[in-house]
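Survey of secondary and tertiary structure
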Amino acid sequence: MGDNKTEMLEATKLLLGINNNENDNRILLLIDEVTDATLFRCRLDVMPRQIEGFIPTLTARRFIVAQSNGVKSVTEEFYTKHCQIKKD
């Protein structure tokens, strides 16, 4: 991804079917949270390209959960499957 954050924002909005900029700040915040959580849970310092492509999908899922006032972690399945880290 070229300008990573902008491309992640656009990809997330595309997945969500959002055509305006009304939720951009909220989505950018979620992108940061998902990115930080992924790096932490996978014990990485730098985001590999292979994982970077999942960030918009995880962010979109997180956005949907937040819209429905849910508190469930939508990324737990991803971390368990792709980072080989057991749940605490």
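Residues numbered from 1 in each chain as written. Predicted model: local features only at pLDDT ≥ 70, side-chain atom pairs only at ≥ 80, totals over all residues. Heavy atoms only, no water.

As for the packing of helix α2 (residues 24-41) against helix α4 (residues 55-67)
Between α2 and α4, the shortest axis-to-axis distance is 9 Å and the interhelical angle comes to 120°. Relative to α4, α2 is oriented oblique. Like other packed secondary-structure pairs, α2 and α4 cross with a definite hand, here right-handed. Taking contact as the criterion, the partners of R26, I27, L30, I31, E33, V34, T35 and T38 in α2 are, on α4, I55, L58, T59, R62, F63, A66 and Q67. (Axes fitted to C-alpha atoms, helices over the stretch in contact; angles between N-to-C directions. Helix = DSSP H or I, 4+ residues; strand = E, 2+ residues; numbered from the N terminus. Parallel < 35°, antiparallel > 145°, perpendicular 65-115°, else oblique. Left-handed = near helix turned anticlockwise from the far one by under 90°. Contact = heavy atoms within 4.5 Å.)

Examining the packing of helix α1 (residues 4-16) against α4
In a pair of packed helices, the angle between the axes and the distance between the axes together describe the arrangement. Between α1 and α4, the least distance of the axes is 8 Å, while the angle of their chain directions is 55°. Taken as axis vectors, α1 and α4 run oblique relative to one another. Helix-helix and strand crossings are classified by hand; for α1 and α4 the assignment is right-handed. Mapping the contact onto sequence places M8, A11, T12, L15 and L16 in α1 and I55, P56, T57, T59, A60, F63 and I64 in α4. Residue composition of the contact of α1 with α4, by class: nine nonpolar, three polar and no charged. (Nonpolar A, V, L, I, M, F, W, Y, C, P; charged D, E, K, R; others polar.)

Examining the nonpolar core
Membership of the largest hydrophobic core comes to 13 residues, with the highest contact counts inside it found for I27, I31, M47, I55 and F63. Only α1, α2 and α4 provide two or more residues apiece to this core. The element that contributes the greatest number of residues to this core is α2, accounting for five residues. Each residue touching M47, except ones within four places of it in the same chain, is listed here: T35, T38, L39, E52 and I55. (Core = buried A, V, L, I, M, F, W, Y, C linked by side-chain atoms within 4.5 Å. Buried < 20%, exposed > 50% of the residue type's maximum accessible area, 1.4 Å probe, protein only.)

Take it as geometry only, folks, not as evidence of what the structure does.
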